[in-house]
Amino acid sequence: MEPVFALLHVVMAIINFSRSNGTACNRQGKPAYPQLSKVGDIIVGGIFPFHSSWEITDLSYLVKPPPLKCMSLDFRAFQYSQSLIFAVEEINNSSSLLPGVSLGYKIYDTCGSTAVGVRMAMALMNGNDNTVLDEPCTKPAQVQAIIGDTYSSVSKAVATSIGSFSIPLISHYATCECLSDKRKYPSFLRIIPSDYHQSRALAEMVRHFGWTWVGAIRRDDDYGNSGMAAFTEVAEQLGICLEYSLPFFRTYSQRKVLRIIEQIKSSTSRVIVGFLDNLDLEILLSVFLEHNITGYQWVGTEAWIFDTELATMDKHKMLQGAIGLAIPKTKVTGLRNFILNINPLKTVGKAIFTEFWEALFNCRYTKHDDSDDLPVCTGEEKLSKIENTFTDMTLMPIFNNVYKGVYAIAHALHALLGCKETCSTKMQPDPLTFLEHLKRAHFKTKEHEEVYFDKNGDSAARYEIVNWQTIKEKQVFVTVGLYDSTFATHERLSVNMSSIVWAQNTNQVPMSVCSESCPPGTRKAVQKGKPVCCFDCIPCAEGEISNTTDSIKCEQCYQDYWTNAQRDECIKKEIEYLSYEETMGCLLTTFSITGAFMTIVIGVIFFRYKNTPIVKANNSELSFLLLFSLTLCFLCSLTFIGRPSEWSCMLRHTAFGITFVLCISCVLGKTIVVLMAFRATLPGSNVMKWFGPPQQRLSVLAFTLIQVIICILWLIISPPFPLKNLKRYKDKIILECHLGSSIGFWAVLGYIGLLALLCFVLAFLARKLPDNFNEAKFMTFSMLIFCAVWITFIPAYISSPGKLTVAVEIFAILASSFGLLFCIFFPKCYIIILKPEKNHKKLIMGKMPVK
């Protein structure tokens, strides 16, 4: 920062102290005179950069530095000045606004320098006439308000300087978000939106185009640094990463510029966000061309995106396809013609008019030396014959900002001075009172454009989205969208994608990402040591999905759902249970019904031949009861097939337990009868009277009743219940009957096994008793099959998964039932039906020879 500004706060403190205490004062240094001025009852100040640079002076601090020598005339400042003058003239000619009060103006040149800008602001406040020695410094400020400056850094310094005096500074082009801080800059207002909105709009636009990996170059001053800081903050919230953010200023050394070139060359991003102005880009483009840095997609701010001078200078179309934010196009009736009518400038600004004329028409009034080959100015040159920055009206929205700023001052004065048909006074109001009225100004221009300031002194943010397109070898600005901060968040940005032409003259949106988007079914995992935009795509784990692109985490499926193969959708788990519709269920049902049918057929046969010796000899009553229980055994297997329910779960195990005990009890009874029968044939034995038919029935009932009691206790204490087994398979739900109490289940099974073992032992003992038809042999074999089946069942039951557990249990029931049926009853049916000649009492008792 220039040395003058470094001492500014000290000087201001002295001035403020002197004024407040009424002490004598005297102006120091050379007076500063306005470039353009006009007298009036109330003066409006203006500070614009008529020159865009200055000559570097001795900053060694060993000698007093000379005044800055301004260089490079900037025609834009003349356009801003003409806009201010036009507004003043229009107000002075108005009968409805400030009637009877004339406005004057004083417009100074800041050279784009912070120090010069502050000095000119001081000149506007204090005036140029020397005060008499010993006269108190208590006079009011010379101006009511100041319009300017173009640059944020200059505006920031000026606002700091004049803020304590409550002199309003109304900027037409300073957008730095920092200037919205009313604690630091209480008297600063602006007609242009703050960079807070521009930075947010740029970030939203970049995200809208799918760019998450971008580079940035910023002007190394308050405008660029503050704007880029705001952009970075919003970009991070939207998931955008900056690969680099490089500062640049047009006074940078070649070494610093080369570092910028090297950084861009080594980068992988294809989009550059430029928080710069047109002068910065003019320098950068020539350097980029020299190092062949082309083909980048540029995103620009309002400072350069609609600058025709820059577009004209871009001969190699390096900015072709650039897209950015611009102040909405507007029209101010009469302003264009007024700006182009330069003759009145002779009367209001003689000092600078000659320099302006020479630069405008590229001529000289006075030859500097013989080598100067420029033509001599005649003063009759025609503006219609030239085309340059001054004749370009692209920045009409900015000219309109100057125009609206002057009108804001006029409306505040109109209200404060109590103007109706005429104003009650022409006296300059108190600065603080005027500032408060100015902040509350709310009016419409003649073009019906609403003007007001928010609590931070900012205007409403509305932007056009502008795209650089090449038409007939000429860069033109095409509006392709809008951004309005007053709308809801999701409605602020509106872009017509089909009308955009991108960098390298393509209709395809450029790609600028560090990592390709992660498809659904995957999640992002940030690469170590890199920004969040650089990531790997990790497939979701089993049972987890992501159904959006670039998901940061996978969501767990609900309990009854599982992932599909792509891991992007939760699908309902397959429910598995042994049903009647599937092949295994059909086969088991067929065998069950077949077994029951065969048992009934055998029962009918036995009933038909109930009086024959072979039926009577083997205790027909227990045989019929055994056949009945076997029928129930076959049918009880059907309760294991089908969707488990609360009743079916309780029924299947209890029915199985009771029917099998009934069956084994009958076999046990028959075995005991065989043993007793042979005991009864011994001399003096009366055993049969102790185990006659009543005792046989009672024994079957007693054995069965014990199992009934076990089942009742099981159902009361912890009955079986339907359960969704989610643990055995990840992608299936096994519908099964939970045992409730494992003790109950194994008690039922153990009791059946105990009876079967007892029956097997007794039958084994009776197998060699003499008889032509000793039933004990067949019962031994049937019990051997029964025990083998159920001993094999236990490990098979425990190890079988899902519905196979139920199938194993049904198979054991059917196998043991068929074993009993075949071993005990088929030999008898064979004799009854096929060998009726053997169905004789004598033959069965062994008293008749067998043929």
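Please refer to the structure placed before this passage.
Read on for a plain summary of the structure.

Analysis parameters
- Residues numbered from 1 in each chain as written.
- Predicted model: local features only at pLDDT ≥ 70, side-chain atom pairs only at ≥ 80, totals over all residues.
- Heavy atoms only, no water.
- Buried < 20%, exposed > 50% of the residue type's maximum accessible area, 1.4 Å probe, protein only.
- Helix = DSSP H or I, 4+ residues; strand = E, 2+ residues; numbered from the N terminus.
- Pairing = 2+ DSSP bridges.
- Lys, Arg positive; Asp, Glu negative; His and termini not counted.
- Salt bridge = Lys/Arg side-chain N within 4 Å of Asp/Glu carboxyl O.
- Polar contact = N/O pair within 3.5 Å; in protein donor to acceptor, adjacent residues only side chain to side chain.
- Contact = heavy atoms within 4.5 Å.
- Phe/Tyr/Trp six-rings, centres within 6.5 Å; stacked < 30°, edge-to-face > 60°.
- Axes fitted to C-alpha atoms, helices over the stretch in contact; angles between N-to-C directions.
- Parallel < 35°, antiparallel > 145°, perpendicular 65-115°, else oblique.
- Disulfide = S-S within 2.5 Å.
- Core = buried A, V, L, I, M, F, W, Y, C linked by side-chain atoms within 4.5 Å.

With that out of the way, let us pick up the pairing of strand β9 (residues 213-219). In terms of burial, β9 is largely enclosed, as 7 of its 7 residues are buried. Of the two faces of β9, the one lined by Trp 213, Gly 215, Ile 217 and Arg 219 and the one lined by Val 214, Ala 216 and Arg 218 are each fully buried. Bridge count between β9 and strand β10 (residues 241-248): 7 bridges; the pairing is parallel. From the neighbouring strand, Trp 213 faces β10, where its bridge partner is Cys 241.

Once that is clear, we can look at the side chain of Asp 74. Take Asp 74: it is sitting in the loop between β4 (70-73) and α3 (75-92). There is no salt bridge for the buried Asp 74, and the closest opposite charge comes from Arg 76, which lies 5.7 Å off by N-O distance. There is a polar contact of 3.1 Å between the side chain of Asp 74 and the backbone nitrogen of Arg 76. Sequence-distant contacts of Asp 74, defined by excluding residues within four places in its chain, comprise Pro 49, Phe 50, His 51 and Ser 52.

Our next topic: the packing of aromatic side chains. Across all of its chains, the model carries 31 aromatic pairs by this definition. Ring centres of Phe 356 and Phe 390 lie 5.2 Å apart, and the angle between their planes is 65°; on these two criteria the pair is classed as edge-to-face. Within this pair, whereas Phe 356 is found in helix α13 (residues 350-361), its partner Phe 390 is found in the loop between α13 and α14 (396-416), the two being separated by 34 residues in sequence. Comparing Phe 356 with Phe 390, the two get one shared label, buried.

A packed helix pair is summarised by two numbers, namely the angle formed by the two axes and the spacing between the axes. Contact geometry for helix α20 (residues 693-717) and helix α21 (residues 742-765): axes closest at 9 Å, N-to-C directions at 170°. Considering the angle they form, α20 stands roughly antiparallel to α21. On α21, the residues that touch Phe 703, Ile 706, Gln 707, Ile 710, Cys 711 and Trp 714 of α20 are Gly 744, Phe 745, Ala 747, Val 748, Tyr 751, Ile 752 and Leu 755.

Counted according to the given criterion, the structure contains 10 disulfides. At a sulfur-sulfur separation of 1.9 Å, the disulfide partner of Cys 514 is Cys 534. Its S-S torsion of about 105° marks the bond between Cys 514 and Cys 534 as right-handed, since a negative value means left-handed. With Cys 514 in the loop between β18 (493-495) and β19 (522-526) and Cys 534 in the loop between β19 and β20 (535-539), this residue pair connects regions lying 20 residues apart in the sequence. Among the residues examined, Cys 514 registers a relative accessible area of 26% and is labelled partly exposed.

If you trace the 6 strands from one edge of the open sheet to the other, you get β1-β5-β2-β6-β7-β8, paired in mixed fashion. Edge positions in the sheet fall to β1 (36-38) and β8 (188-190), since each has one partner strand and no second. Mean inter-strand twist for the sheet, computed between neighbouring axes without regard to direction, equals 25°. With respect to the sheet, α14 is in contact with β2 (42-48), β5 (103-109), β6 (145-147) and β7 (169-171), its orientation differing from that of β6 by roughly 165°.

Taken together, the 8 strands give an open sheet; going across it, the order is β10-β9-β11-β12-β13-β16-β17-β18, and neighbouring strands pair in mixed fashion. Each edge of the open sheet is held by one strand with a lone partner, namely β10 and β18. Averaged over all neighbouring strand pairs, the angle between strand axes comes to 25°, with direction disregarded. Note that strand β16 (residues 462-471) and strand β17 (residues 474-484) share 10 bridges and pair antiparallel. Note that in β17 the partner of Asn 467 across the bridge is Val 478.

Now for the nonpolar core. Residues Leu 98, Ile 264, Trp 298, Trp 304 and Phe 356 are the most contacted members of the largest nonpolar core, which totals 130 residues. Apart from residues lying up to four places away in sequence, Leu 98 is in contact with Ile 91, Leu 103, Ala 410, Leu 413, His 414, Leu 417, Cys 419 and Cys 423. Of all hydrophobic cores here, the second largest spans 67 residues; its members include Phe 606, Trp 714, Met 779 and Phe 825.

What follows covers the pattern of salt bridges. Taken as a whole and judged by the stated rule, the model has 19 salt bridges. Here Glu 90 ties to Lys 446 by a salt bridge, and the two come within 2.5 Å at their closest N and O atoms. Of this pair, Glu 90 sits in helix α3 while Lys 446 sits in the loop between β14 (442-444) and β15 (450-452), and the two are 356 residues apart along the sequence. On the accessibility criterion, Lys 446 (37% relative accessible area) is partly exposed. Its salt-bridge partner being Lys 730, residue Glu 542 comes within 3.0 Å of it at the nearest N-O pair.

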